[in-house]
Each structure stands twice: as C-alpha cells, then as structure tokens.
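Spelled out from the first residue to the last, the chains are:
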2 protein chains.
Amino acid sequence: MAELVAKHPNRFAGFVAAVPMNDPEAAVKECERAVKKLGAAGVQIFTNVNGRPLDEPDFLPIFEKMAELDAPIWVHPARGAGFPDYQTEKKSKLELWWVFGWPYETSIFMARMVFAGLFDRFPKLKIITHHLGGMVPYFSGRTGPGLDQLGARTEEEDLTVYLRRLKKRPQDYFKMFYADTATFGAAGALRCGLDFFGVDRVLFASDSPFDPEKGAGYIRETIRCLDVLDISEADRRKIYEGNARHLLRLKLP
Amino acid sequence: MAELVAKHPNRFAGFVAAVPMNDPEAAVKECERAVKKLGAAGVQIFTNVNGRPLDEPDFLPIFEKMAELDAPIWVHPARGAGFPDYQTEKKSKLELWWVFGWPYETSIFMARMVFAGLFDRFPKLKIITHHLGGMVPYFSGRTGPGLDQLGARTEEEDLTVYLRRLKKRPQDYFKMFYADTATFGAAGALRCGLDFFGVDRVLFASDSPFDPEKGAGYIRETIRCLDVLDISEADRRKIYEGNARHLLRLKLP
C-alpha cells in the first residue's frame with residue numbers, strides 16, 4: 001500500500017494500514033511502523049477480534065498507541081450469519097446479519113468502548129465509525145436518556161456502577177466518535193447523522209463499489225445527498241475533504 | 001380494558017387487545033372477539049413468540065384475520081440479555097440488548113414479514129412498528145439498494161429466489177409499515193423516519209412513562225420535536241391525531 005501510494009501520488013491521497021489484532025503486542029509495533037515509517041494515515045480494525053470484544057484489556061495498548069500517534073482508527077463491522085435472530089433458529093437468514101447486523105455490531109462496539117472509559121483515558125483518540133455511526137444517531141434517544149437510566153432494566157447486578165465510573169454522560173462520549181457518510185443515498189439518514197455528530201466529525205465515504213452498478217452508484221448518490229443538505233458551502237467542504245485533510249494530516253498539492 | 005374505556009370515555013380513546021400468540025387458533029378467535037365484540041382498536045403482538053419468528057406459517061391466520069377486520073397490529077420488540085453480542089460471551093452486557101437489540105429485533109421482524117410475502121397476500125394489512133420503524137429509515141440504503149442485491153453475499157444457497165417471489169422491490173414493502181414517533185426527543189431521527197414513511201404512516205407516541213422523569217419527559221420532548229418539524233400544520237395534525245383517528249377508526253366527540 002505504501003509503495004502504491006508513493007508510486008501514484010496524484011491518484012491516491014494516502015492509505016490505511018491493517019494490523020495483527022490477534023497479537024496485540026505486534027499490533028502496537030505495526031501501528032507505530034505503519035504510521036511513522038510507512039506514512040499510513042491511520043489503521044483499520046474490525047468490530048471484533050476472532051469473536052472477542054475490543055474492550056478486553058489486551059487491546060488497550062493499541063488504542064493508547066493510536067492516541068499517542070494522533071492518527072485515526074477506522075472501524076468496520078464484521079459479522080456473519082452465525083448470529084441467529086431468533087432463539088429457535090441456528091443462523092441469521094436473508095443476509096439480515098449484513099443489512100441490520102453490521103450497523104448493530106458497530107453500535108455495540110461504540111457502546112462497549114464508551115463504558116470501557118476509552119475516551120476518559122484518551123480524550124483525543126479518533127475513531128471513525130462506518131455507516132454514519134451505526135444505529136447511534138437514529139437511536140440517540142436511547143443512548144441519551146435511555147442509557148442515563150442504565151441499571152433500571154436489570155435486577156441481577158448493579159449496572160449503575162458503570163455510569164459512576166465515567167466522568168460524563170454516556171451520550172457525551174458517543175458524540176466523540178467520527179462517522180462516515182456511507183448511507184447509500186439515504187438523504188434523511190445523512191441529515192440525522194450530521195445532526196448528531198456535527199459537521200466537524202463527519203467524513204465523506206461512499207462504500208463504492210458495493211452498489212448495484214458496481215462502482216458509480218453509491219458515489220453519485222452520496223454526492224447527491226450531500227449537495228442538497230441545508231448547510232453552508234464551507235461546512236459541505238469540510239465533509240467532502242476538509243475533515244479528512246485535517247484528521248488524516250494529508251499533505252496534498 | 002374494554003370495561004375501563006367504557007367507564008371513562010373522556011379519558012381513554014380506545015384500547016388494544018393482547019391475544020394468545022402461543023395458540024394461533026385461539027389468537028384468531030380472540031382477535032375477532034376483541035375487535036368486533038369488545039371494540040378494541042387493534043391488537044398488540046411482540047416481535048417473537050417464545051423465541052419463534054412471526055413468519056412461521058402457523059401465525060399466518062392471525063395476520064389474515066387482522067387484515068379482514070381492517071384493524072391495526074402494534075408490534076413491540078421483545079428481547080433480553082440472552083442474545084450475546086460477541087461469540088466469546090454468553091449474554092448481552094450493559095443493557096445493550098435493550099438500547100440497540102430492541103430496534104434490531106423490530107427491523108428483523110419487518111424484513112421477515114416482507115420476505116414472507118405478507119403484503120402481497122394482504123396489501124391492506126396495517127402494522128404499526130415501534131421506535132419509528134426500528135433501524136429501517138436510517139438504513140434505508142441497506143433495505144433499498146442493499147437488499148436489491150440479496151444473494152450477492154451468500155454462497156451456500158441461492159437467496160435470489162426470495163426476491164423473485166415478491167411482486168415488488170423489498171423497499172416498497174418496508175414503506176408499507178406504519179411507525180410511531182417514540183424516539184425520545186431525537187428531532188433528527190423524527191425527520192429521518194418521516195422522510196421514509198411519509199406523513200400518512202407516522203403516528204404520535206411517546207413511550208411514557210419510561211423517561212428519566214418517569215412520565216412527562218418523553219411526552220414533552222416528542223411534542224417539542226414534532227412542533228419544530230418543517231411540515232404543514234395539516235400534516236402535523238395527521239401525526240398528532242388524524243392518522244390515529246383514521247387507522248383506529250376512533251369515534252370521538
């Protein structure tokens with residue numbers, strides 16, 4: 001990737017590294033090498049590591065390293081049909097593990113990071129979530145006043161301890177994530193996500209080439225949605241490129 | 001419920017019946033009795049029946065009966081911590097089964113009903129989904145162009161057969177659901193859901209008394225969001241009461 005970007009500076013603005021999350025110690029070293037030596041803009045991780053949640057203490061040094069490097073982490077959902085949707089079934093049918101399961105898993109990742117106190121430890125950590133923040137913006141009433149009441153729905157253990165460990169409301173941390181615009185032409189969703197994260201934390205992305213046209217469709221539709229948004233041109237430029245230039249520290253002509 | 005409504009006509013506009021879904025034959029009879037004899041506005045069901053999905057053929061006569069009675073079905077999510085969020089865990093932590101799992105389960109229910117051909121069989125069936133249609137409006141890019149490509153992510157079986165069985169695009173059926181406004185003060189979510197379903201299919205609901213104030217909060221916040229929506233006063237009245245009057249066939253003073 002580094003070679004390709006170096007070879008075609010007018011084609012590629014940068015690249016993002018993959019790191020060996022199943023070996024956190026090696027991953028920390030690779031984060032350092034990729035960003036400092038190879039010039040990666042950041043790293044991409046997935047919402048689980050061989051089925052394990054990212055709030056396990058083993059993974060903490062990776063987030064610590066990325067905060068120290070001041071380079072963003074892209075988070076991509078990862079889930080297959082192995083999560084059944086009903087207790088009487090063995091797998092998720094009709095690719096619903098993809099349709100709804102992916103944004104669900106992104107949302108779970110976000111919540112687990114919030115309650116692990118990740119942003120209290122590393123307030124400048126930059127995590128870019130796919131599909132415009134998973135379910136969080138549309139269900140901000142649940143991550144907001146809903147999670148303020150954490151524990152009210154559970155009798156077996158006292159969950160309010162998780163609220164008391166945080167310095168702020170859960171909702172304040174959910175707003176510290178960044179989010180991309182990959183919503184496939186849903187203009188209302190784009191507005192909703194932008195309302196939640198604000199113009200400084202939303203970055204253009206299309207998810208090309210996974211549209212029915214196999215390339216051009218989602219790019220065109222995402223641009224169409226962005227262009228009709230009732231925001232200033234300056235804010236629109238932030239979403240298209242300004243936030244990326246800043247966050248990725250791109251040195252472009 | 002019927003007695004209470006009859007006793008306090010100025011306090012209650014109507015009621016909705018619970019029916020024994022674990023015995024579909026009895027449920028069909030109770031739907032008929034509740035609506036025709038007791039004057040129920042409709043019935044409420046949950047997104048699963050003892051863990052079973054609602055697209056099992058056993059449940060079909062219930063939907064058929066409600067379509068015949070031309071009375072709506074309210075669908076409420078039902079899921080506990082028993083759906084783990086990671087393969088290495090035994091249960092869903094931090095009440096995330098509630099925060100995100102409930103809207104997820106609503107969305108799965110909707111998709112399964114769509115692909116069961118429910119709206120091809122009963123085009124006039126009226127199903128009111130909680131929390132503004134679950135995840136569907138925010139992820140309408142996934143239920144739209146995403147599900148138009150059903151099968152593209154699966155090798156073990158040919159899922160395109162499910163598309164060919166339907167008369168229309170999956171997205172067209174997702175838009176046939178009704179949705180309530182219980183989004184707990186998230187104005188952006190309300191706009192997004194309204195964009196998707198349209199003003200004729202969204203009904204006021206607050207989810208009171210499950211707010212931190214234990215009653216008034218979600219009512220007040222939902223009204224605040226509705227009142228700032230950039231829609232005509234006539235459309236706003238539809239959401240507040242017109243759609244309910246029509247759908248529930250309320251006979252009010």
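See the structure shown above.
What you see is a predicted model; the values in this text were computed from it and never measured.

**Quick notes on the relation of the copies chain A and chain B**
- The two copies are related by a screw motion: chain A maps onto chain B through a turn of 180° and a shift of 0.0 Å along the axis, at an RMSD of 0.0 Å. On this basis, the relationship between the two copies can be described by a two-fold rotation axis.
- With an isologous cut-off of 70% or more, the 99% of interface residues of chain A that recur at the interface of chain B puts this contact in the isologous class.

**Some words on the interface of chain A and chain B**
- Taken residue by residue, the interface counts 75 residues in chain A and 74 residues in chain B.
- Both sides together, the interface formed by chain A and chain B hides about 6,300 Å², and carbon and sulfur atoms give 61% of it.
- In terms of surface lost to chain B, no three residues of chain A exceed Y86, Y138 and R142 of chain A, which account for 15% of the buried area on that side.
- The interface formed by chain A and chain B contains eight salt bridges.
- Taking the shortest distance from any N to any O, the salt bridge between D195 of chain A and R191 of chain B comes out at 2.7 Å.
- On the surface where chain A and chain B come into contact, there are 29 residue pairs in polar contact (both at pLDDT 80 or more).
- For the side of chain A that touches chain B, the secondary-structure elements that each account for two or more residues are helix 4 (96-99), helix 5 (101-115), helix 7 (140-148) and helix 10 (187-197) of chain A.
- The element contributing the most residues to the side of chain A that touches chain B is helix 5 of chain A, with 11 residues.
- Considering only residue class, the side of chain A that touches chain B consists of 36 nonpolar, 21 polar and 18 charged.

**A closer look at the packing of aromatic side chains**
- Evaluation of the coordinates by the stated rule reveals 16 aromatic pairs over all chains.
- Seen from their ring centres, F204 of chain A and Y240 of chain A are 5.5 Å apart, and the 40° between their planes marks the pair as tilted. Of this pair, F204 of chain A sits in the loop between strand 6 (202-203) and helix 11 (216-228) while Y240 of chain A sits in helix 12 (residues 233-247), and the two are 36 residues apart along the sequence.
- Directly above the aromatic system of Y178 of chain B lies the positively charged group of R201 of chain B, at a separation of 4.6 Å from the ring centroid.

**Examining the packing of helix 11 (residues 216-228) of chain B against helix 12 (residues 233-247) of chain B**
Residues and elements named next belong to chain B.
- Where helix 11 contacts helix 12, the axes come no closer than 10 Å and their chain directions differ by 155°. By the angle class used here, helix 11 and helix 12 are roughly antiparallel. Of helix 12, the residues touching helix 11 (which contributes I223, L226, D227 and V228) are R236, I239 and Y240.
- The residue inventory of the contact of helix 11 with helix 12, partitioned by class, reads five nonpolar, no polar and two charged.

**Side note on the layout of surface pockets**
All names here are of chain A.
- The calculated volume of the largest pocket comes to roughly 820 Å³.
- Together, 31 residues line the largest pocket, and V16, W74, F204, A205 and L248 are the ones closest to its centre.
- Secondary structure elements with two or more residues in the lining of the largest pocket: helix 1 (2-7), strand 3 (73-76), strand 4 (127-129) and helix 12.
- Considering each element in turn, the lining of the largest pocket owes the most residues, four residues, to helix 12.
- When grouped by side-chain class, the residues that make up the lining of the largest pocket number 20 nonpolar, seven polar and four charged.
- What the second largest pocket holds in volume is close to 710 Å³.

About the criteria used
The numbers attached to residues start from 1 for each chain and follow its sequence in the written order. Labels are handed out in written order, letters beginning with A for the chains and numbers beginning with 1 for the ligands. At least 70 in pLDDT is required for a residue's local features to be given in this predicted model, at least 80 for side-chain atom pairs to be given and counted, and no such filter applies to totals for whole chains, interfaces and linings, which use all residues. Note: side-chain values were computed over all heavy atoms of the structure, leaving out hydrogens and water. What sets the superposition is a least-squares fit of C-alpha atoms, and only residues with pLDDT of at least 70 in both copies go into it. Two residues form a contact once any of their heavy atoms are found within 4.5 Å. Note on definitions: buried area is the accessible-area loss of two parts on being combined, 1.4 Å probe, summed for both. In what follows, salt bridge is the name for a side-chain nitrogen of Lys or Arg lying within 4 Å of a carboxyl oxygen of Asp or Glu. What qualifies as a polar contact is a pair of N or O atoms within 3.5 Å, subject to a donor-acceptor requirement within protein and to the restriction that residues adjacent in sequence count only when both atoms come from side chains. Helix and strand definitions here come from DSSP, where helices need a minimum of 4 consecutive H or I residues and strands a minimum of 2 consecutive E residues; each element is numbered from the N-terminal end. The classification used treats Ala, Val, Leu, Ile, Met, Phe, Trp, Tyr, Cys and Pro as nonpolar, Asp, Glu, Lys and Arg as charged, and all other residues, Gly among them, as polar. Pairing of aromatic rings covers Phe, Tyr and Trp, the last through its six-membered ring, and needs centres within 6.5 Å; plane angles under 30 degrees mean stacked, over 60 mean edge-to-face, and all others mean tilted. For a ring to carry a charge above it, either NZ of a lysine or CZ of an arginine must fall within 6 Å of the ring centroid while also lying within 35 degrees of the normal to the ring plane. The angle between two axes is taken between their N-to-C directions and runs from 0 to 180 degrees, where each axis is a line fitted to C-alpha atoms and a helix contributes only its stretch in contact. These descriptions rest on fixed angle ranges, namely under 35 degrees for roughly parallel, over 145 for roughly antiparallel, 65 to 115 for roughly perpendicular, and the rest for oblique. We place a 1 Å grid over just the protein atoms. Points where a 1.4 Å probe fits but has no way out form a cavity, open points with protein on both sides within 12 Å along at least 5 of 7 lines form a pocket, and any residue with an atom within 4 Å of a point lines it. Grid points are joined across faces, edges and corners, and a volume is the space filled by probe spheres set on the points.

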